[in-house]
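# Analysis of the macromolecular model
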Amino acid sequence: MRDANVLVVEDDETIRQLLIESLRHHYLSVDGARDGVEALHRIITNHYAVMVLDLMMPKMSGVDLLDSLDALTSDPSVKAIENPPAVLVITGMDCSALPDDVIARRCPRIVHGVFRKPLDIDYLAACVEKCLPQA
């Protein structure tokens, strides 16, 4: 088990809690956020090594959050985050409606993988592990 901060951003309470509890078996610190607004606040006030991000959420979608993270890390006029979390995107959208490469190209420095629901939680946890900084 590694001591790393992981943020799970998912509007579905059941899925969010399942992911949090599953990832806690691998990592000591896993937080959750209901939407992009809450996630953005958490990212600005805490450091997270990895974020598991749903795309379809109310208030601020995952796509909007990715755009905000991109601006916060690259635009000199608003640059506020030095080291953004590695993002693993989760979505229930069909691959034909939104291909993985379209998602990955949106923020190639930030997005490290795309996962379709229903999720293979063990595989997701392994990918979270790969995204963590080496001790």
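Here's what I pulled together on the structure shown here. (Residues numbered from 1 in each chain as written. Predicted model: local features only at pLDDT ≥ 70, side-chain atom pairs only at ≥ 80, totals over all residues. Heavy atoms only, no water.)

Side chains of nonpolar character tend, in soluble globular proteins, to be buried together. One finds Leu 7, Val 9, Met 51, Leu 53, Leu 66, Val 87 and Val 89 to be the most contacted residues of the largest nonpolar core, which totals 25 residues. Where this core is concerned, the elements lending two or more residues are β1 (2–9), α2 (36–45), β3 (50–54), α3 (62–74), β4 (86–91) and β5 (111–116). The greatest single-element share of this core, amounting to 4 residues, is contributed by α3. Contacts of Leu 66, omitting those with residues within four sequence positions, involve Leu 53, Val 87, Val 89, Cys 107, Ile 110 and Val 111. Ranked by size, the runner-up nonpolar core spans 19 residues in total, among them Leu 23, Tyr 27, Ile 90 and Leu 132. (Core = buried A, V, L, I, M, F, W, Y, C linked by side-chain atoms within 4.5 Å. Buried < 20%, exposed > 50% of the residue type's maximum accessible area, 1.4 Å probe, protein only. Helix = DSSP H or I, 4+ residues; strand = E, 2+ residues; numbered from the N terminus. Contact = heavy atoms within 4.5 Å.)

Let us now look at α3. For α3, with 13 residues, the first-to-last C-alpha span of 18 Å sits near the 18 Å given by 1.5 Å per residue. Restricting attention to buried positions, one finds in α3 the residues Gly 62, Leu 65, Leu 66, Leu 69, Leu 72 and Thr 73. Viewed along the axis of α3, the buried residues span an arc of 125 degrees, placing them on a single side of the element. Along its buried surface, α3 packs onto α2, β3, β4 and β5. (Expected span 1.5 Å × (residues − 1). Arc of directions from axis to C-beta.)

On to the packing of helix α1 (residues 13–24) against helix α5 (residues 121–131), then. Any two packed helices are characterised by the angle at which their axes cross and by the distance between the axes. Taken N-terminus to C-terminus, the directions of α1 and α5 make an angle of 60 degrees; their axes are 10 Å apart at the nearest point. Taken together, the axes of α1 and α5 are oblique relative to one another. Viewed along their axes, α1 and α5 form a crossing whose handedness is right-handed. Residue-level inspection shows Leu 18, Leu 19, Ser 22 and Leu 23 of α1 in contact with α5, the latter providing Ile 121, Leu 124, Ala 125 and Val 128. For the contact of α1 with α5, the per-class residue count stands at 7 nonpolar, 1 polar and no charged. (Axes fitted to C-alpha atoms, helices over the stretch in contact; angles between N-to-C directions. Parallel < 35°, antiparallel > 145°, perpendicular 65-115°, else oblique. Left-handed = near helix turned anticlockwise from the far one by under 90°. Nonpolar A, V, L, I, M, F, W, Y, C, P; charged D, E, K, R; others polar.)

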